[in-house]
Structure formats: structure tokens, C-alpha cells
Amino acid sequence: MPLLEIENLTVSFQTAGGQFTAVDKVSLHIEPGEIVSVVGESGSGKSVAMLALMGLLPWTATVTADRLAFNNQDLKTISKSELRKIIGSKMAMIFQEPMTSLNPCFTIGFQLTETLKIHLGMNRAERKKRAIELLELVGIPEPRKRLTAFPHQLSGGMNQRVMIAMAISCNPELLIADEPTTALDVTIQAQILELLLNLQKKQGMSLVLITHDMGVVAETAERVAVQYAGQQVEKQQVKGLFSNPHHPYTQALLNSLPERSNSKILPSIAGVVPGQFDKPKGCLFSPRCDYATTKCHTIPPTAASEELGKALCHYPIVDGKPTNYPEEVNP
Amino acid sequence: MSGEVILEAVGLKRYYQIDRGAFKKPAVLKALDGASFKLKKGSTLAIVGESGCGKSTMARLVTMIEPPTAGQLNIGSENVTNASAAVRCNLHKKVQIVFQDPYGSLNPRQKIGNSLEEPLLVNTPMKKGERREAAQKMLGLVGLRPEHYNRYPHMFSGGQRQRIAVARALMLNPQIVVLDEPVSALDVSIQAQILNLLTQLQQRFDLAYMFISHDLSVVKHIADEVMVMYLGKPVETGSREEVFSKPHHPYTRALLSATPVADPFRSKERIVLRGELPSPISPPSGCTFHPRCPSMTEECKYTAPELVKKGGCMVACYHPKTY
Ligand SMILES: Nc1ncnc2c1ncn2[C@@H]1O[C@H](COP(=O)(O)OP(=O)(O)OP(=O)(O)O)[C@@H](O)[C@H]1O
Ligand SMILES: Nc1ncnc2c1ncn2[C@@H]1O[C@H](COP(=O)(O)OP(=O)(O)OP(=O)(O)O)[C@@H](O)[C@H]1O
Ligand SMILES: [Mg+2]
Ligand SMILES: [Mg+2]
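Here is what the cut-offs are and how they apply
Residues numbered from 1 in each chain as written. Chains lettered and ligands numbered in written order. Predicted model: local features only at pLDDT ≥ 70, side-chain atom pairs only at ≥ 80, totals over all residues. Heavy atoms only, no water. Helix = DSSP H or I, 4+ residues; strand = E, 2+ residues; numbered from the N terminus. Rg over C-alpha atoms; globule rule 2.2 N^0.38 Å. Buried < 20%, exposed > 50% of the residue type's maximum accessible area, 1.4 Å probe, protein only. Contact = heavy atoms within 4.5 Å. Pairing = 2+ DSSP bridges. Expected span 1.5 Å × (residues − 1). Salt bridge = Lys/Arg side-chain N within 4 Å of Asp/Glu carboxyl O. Core = buried A, V, L, I, M, F, W, Y, C linked by side-chain atoms within 4.5 Å.

Caption draft 1: Highlighting the overall build of chain A. If you tally the helices and strands in chain A, you get twelve helices and 13 strands. Rg of the C-alpha trace for chain A: 21 Å, near the compact-globule value of 20 Å for 331 residues, within the 12% margin. Principal-axis analysis of the C-alpha atoms gives chain A an extent of 75 × 45 × 40 Å. Evaluated residue by residue, chain A yields a buried proportion of 55% over its 331 residues. The contacts of chain A with a sequence gap of at least 6 include a subset with a gap of at least 24, amounting to 62%.

Caption draft 2: The arrangement of the sheet that holds strand β5 (residues 78–79) of chain B in detail. Residue and element names in this part refer to chain B. With antiparallel pairing, the four strands of this open sheet are ordered in space as β2-β1-β4-β5. Strands with a single pairing partner mark the edges of an open sheet, and in this sheet they are β2 (27–40) and β5. Note that strand β1 (residues 5–18) and β2 share eleven bridges and pair antiparallel. Its bridge partner being in β2, Ile18 is matched across the sheet by Ala27.

Caption draft 3: Helix α4 (residues 108–120) of chain A, seen in detail. Residue and element names in this part refer to chain A. Between its terminal C-alpha atoms α4 stretches 18 Å, which fits the 18 Å expected from 13 residues at 1.5 Å a residue. Considered for burial, the residues of α4 that qualify are Ile108, Gly109, Gln111, Leu112, Thr113, Thr115 and Leu116. On the buried face of α4, the contacting elements are α5 (124–137), α6 (143–146) and α7 (156–168). Positioned one or two residues after α4, Gly121 has a phi angle of 55°, which is positive.

Caption draft 4: Structural view of the pattern of salt bridges. Residue and element names in this part refer to chain B. Counting across every chain of the model gives 16 salt bridges over all chains. Residue Lys301 pairs with Glu298 through a salt bridge whose shortest N-O separation is 3.0 Å. Owing to a relative accessible area of 46%, Glu298 belongs among the partly exposed residues under this scheme. Overlapping salt bridges bring together Arg14, Arg60 and Glu66 as one network.

Caption draft 5: Quick look at the nonpolar core. All names here are of chain B. Core analysis: the largest hydrophobic core is formed by 37 residues, its most contacted members being Leu116, Val166, Leu198 and Leu201. By residue number, the principal contributor to this core is helix α6 (residues 188–205), which donates seven residues. The residues touching Leu201, leaving out its near neighbours within four places in the chain, are Leu141, Val142, Val166, Leu170, Asp206, Leu207 and Tyr209.

Next up, the structure:
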């Protein structure tokens, strides 16, 4: 049984210019102990989808879903207090900006022990012991001393680790890590990824890793979901995704990586992601797609089969070539 | 002529005084502690290293935003440090910079056109019409459209703003462009567009680039020469081929092995460094990398190693890997 089930999650925001759909029918199942990565351009709704799941969006957001369940418990119908028990303890999140999610006015120790008090009801001595243990686990030197430090006294990498320590303090079954290493140097990034993988191995924790670093995806994820302009355009096992991408966006994204190209001029994707006011009528990727036909510009595609990574495309790519492609047009 | 040395730095240093409150002596922070390198026409020198190792400091010295504490900087045949005001003014035009943040580097209240014309207004006797023509031509060169001339920065995407920043840097026909993390804030697909633009402009105008980045896959793509820095000092320099295929310094090797590779079929050994970058105010003794170094021995703790030739590279290490 999947640990997390998300079925057709849609999020729209009320904005000055009207309703804006930031997440459009996204589905995701996570098995216990699995590492799934969510990738996609900036603004494609990766963070918003996860914040919706955690019930952390402002009132301007409208969230709908066919199913949202954690451990078979329906998150849409459970009470607020039940939800609060799950979030932060069984299901935890590391947010994209560590400095905005740590409170600058409280010490690291206080912030760590508060979570433990709320969720695990430990006494003072137990909490302190556990806090030191956690800081040690995330590789912070001299943890006893750091308990009295304020966030601004620590480096970015250290704060990021404190965030992780807080997120894992109650041994969550699911950890959602939103760009956990983006602001960090590669050597620190390597340390943090190793730490997350260790937790996943030792405690059987499931991990959702949101990132736009395809290198990180290749080296850590088992499965990958690709998002574009709020939609999920492809879902595959990591090896399949890199060797045989089925959606033209995934293919173009991989081709534009400097390390996968031999020529000085990279095959780049022309143009930019559509915004609120220039959403195309048909396929959302069609204005930037090399294979787009009249059909693509006018009719929104439906998801292809499971074998084709559920690619949201009229002509899913197989071995680098579009299938069922009309003969008269040459891409 | 391509390949001609256009900028040379010898033992460049930049120290900062840090006040530590009324009762403590001010400390000295060695942001850059002796860097020597040459920049050639039409080629790219990449500066890599972790946050705080002095990359942006180097950029500020090379673009003459700040004077060096010690060392010498030559641009063309001129020694910048002793140059007269008039000569310096001329040199300023030759070296331009593009900053990391495509959002912060443009004035939000200034139209793109005016923003591009500003360097011409300040530095040249060009008339209004000429300036406008030059700005519109430049917009075309960086892949934007003439109608963008009258728009404000907020109307552009991150990638477009970075194009504008590049356009602005090129307005005075510089010979050297310092690019401080020019693609770090961009999506992969937009990053590719900007890298292509930089490559095309370099070929067209024979530009010398000083390319600052912490993303080694980007550096591997764009650089001709690479300089790896650690705590204000170069620890390894060499051609791209040498540095990437035969890295000698343990720090270079750690950086390379920590860089994730977008290939799930590849399994690689990884050197995971322990600990954080030490404080530059009180750097470790001897080789400043020794507390994190997997190959550290006693001698590393006492005297700092000098840069010496090793294969095709210059390496500052007592225990470089040999090939
Ligand atoms: N409170 C809000 N009101 C209106 N629009 C919002 C709000 N929060 C997010 N959005 C919009 O929703 C879209 C998706 O944003 P989201 O933060 O999920 O992107 P992302 O995929 O996480 O991008 P990144 O890689 O930059 O983190 C964006 O266009 C964003 O501007
Ligand atoms: N004006 C200044 N006064 C005092 N210290 C400074 C000043 N400018 C930079 N420093 C310090 O010098 C060191 C090098 O800074 P620099 O900005 O050059 O690093 P960097 O390599 O560009 O890092 P990043 O990758 O984070 O941009 C840092 O420790 C920084 O705090
Ligand atoms: Mg996000
Ligand atoms: Mg910098």
C-alpha cells in the first residue's frame, strides 16, 4: 500500500488578474522507503503542490483533489487537530529557504526542542538529549555548544542541517525536501545528500526530493516526476527517464545540460514557460516544442500509457523519436 | 589577436579590516591572498571554489571597483596601480562585469533602453540618436527585440534580464568581461540559452572572459583555463582538459567528485569532505585545507605549500595525486 497518495491535485490562486492555476491535476504515489524526485522549471508548481498537501497555502489558494491520503488516512476529511498530529511528525518538510523557516529570535536548541515537546511530549532532559543527538546525526560539530546559538551565527550549510534535524526529529515516515541543497556548495551538498540517503536506508523513510538539479536527481532518485507549467508531463524510473525520455520537454531539458553535450553551442529550448496570461490553447509546451503540429497548438493532450511514462503528449517520444507522428510534417 | 595576453595579475591580494567591537583588536580578513593569472583574448578563465573563497573579491579587483591591498594588475600594456586618472578611465571601459543576480543588477525604475545607454552617456561623447541606435542594435545582438527598449526590468523573465545585463556590459565594446555566476540563478533550459549567447559573443568580438562559477559542469563546458581557489588562494590551475581529467590537488578532486553527474548509469567513488569551510579570519595553519584533507600529514600543518608545476597544472600541495 502506498504511503502517500495524491490523485489529480489542482491548486489555483486568486490573483488581481483572475484565477491562476499553479498546479494542474498532479498525481503522485509514494511507497514506503522510496525516493521520488520532482523536477521542472522554476514556477512549474513543485513547491505549491507540496505545500497544498501539507495544508500550508494562504487563503487565496483553492485546493481540490480526487484523493489525498497518508497511510490510507484521508487528508481531505480529517480534522485540523488530526492533521496537525501527522504534519511535522509522520510527514515532515524541509522548506526551500532555510533562513525564512528558522525563527531568528530563538536559539537552535529552543526551536529543536519545541517540536519534540509538541509531538513527542518528552520531558526537558529527554528533549535536550535528543536535540544533541539530532545535531550530531546531521553532522554539526560540538552540538552541545550549538544549542545556544542563534540561526544568524551559523553558516548557510549549518542552518540547512538544523532544518533537516528539525524535520527528522520525530522520525517521519515521509520527508519532503524542497531544494534542500540548492544554496549550498557542492561539498556541503554531498554531505547533506549522503545524510538524507542514510536516513532513508536506516529508518526506511520515504523521501520526496524537489530539485532542478538533474545531477542530484540522477544520483539519488529511484523514480522521477517531471512538471511543466503546473502539469505533470512525465513519470518514470530514473534510468528510463535519462535514457529514454518520453515527453519532448524532458528530452529537451536533458539535451540542454552542458555535461550531456559535445558541442560548444548547446541545444537549448527557445522561449520561456507560459505565464498566467499567455497560456496556449493546446499543449502547454507546444510553443517551445520542436515537434509541435497544428493538433498540438489546438488540442490539449491526454496522458499516454504507463509504459510511456504517462507522457502528456500527442506523440510520445520513444528512442528519441515521436510516435504516431503525422507523415507530412518533418520536425 | 586571439591568444594575446590582455590582462595579467601578479600576487593579487585583498585584505579587509574587520571591527570586532570596542574592546577587541580589529581582525584582518584575507579575502584574496595572492593570486597570479593571465587572461587571453578570445578565451575563458574560470574561477571555481566554495562560497567565501574570494571569487567575487577577485572580480572587484579585476574590474577596478576596489584597489588591491598588494600585488600588480596589468591590463594591456598599462599597470593599473600606477596609472594616471585618464588612463584608468580608459581602462575602466575595457573591463566590464555581469553580476550574479539578474533581479538586483538592473535599476527597477529605469527603462531597459536608458539602462543600456547609461554607460555611453557617462563615458562617450555620443549624441542621443546615436546612443539609441547603439542600444537597439545591442538588444538585437543578445536576442531581444527593439520594442523591449521602452520596457522596465520587472516585465522580463530571469533569463531575459540576464541577457539585458550582458548587453549592458557590452555597450562600451569591452575587451574583458567578468561574469560573476552569470547562470547560477537560472533554469537549465535558460542557462543553455545564456551560455550559447556568451559563446557566440565571445567568438564575434574576441572577448576574454573571467567566468566565476561553482558549477563544475558549466565550467567544463565553457572554460579554456581553470583556477581552483580555496580560502583566498589558488590551489590548482591549468587547462580545462588537465584539471578535469587529471586533477592533482585533493581539494580539486573532492570538488569534482562531489559534483553530481546527470547519468544514473554511472556509479562513482565519492570523496565526501568532512567539516565546513573554516573562517577566513582565523584560517588554519600551514596548508589551509589540511583540516578537511583526506591526504593530510604532519608537514601540512606547518608551512603552506607553494604553487609548483605538476603535469600540465600548477598545484599547491605536498601530496598531489600523480598520474
Ligand atoms: N500565494 C501565491 N499567489 C499567487 N501565485 C502564487 C502563490 N504562490 C505561488 N504562486 C505561483 O504558483 C506558481 C508555482 O510556484 P512554485 O513555487 O510551486 O514553483 P516551483 O516549481 O516550486 O518553482 P521554483 O523551482 O522556482 O521553486 C508560480 O507561478 C508562482 O508565481
Ligand atoms: N567588503 C568586505 N568587508 C569585509 N569582508 C569582506 C568584504 N567583501 C568580502 N569579504 C569577505 O571576504 C571573503 C571572500 O568573499 P567573496 O565575496 O569574494 O567570496 P566568493 O568566493 O565570491 O563567495 P560566493 O561564492 O559566496 O559568492 C568572505 O569571507 C567575505 O565575507
Ligand atoms: Mg519551489
Ligand atoms: Mg561571490
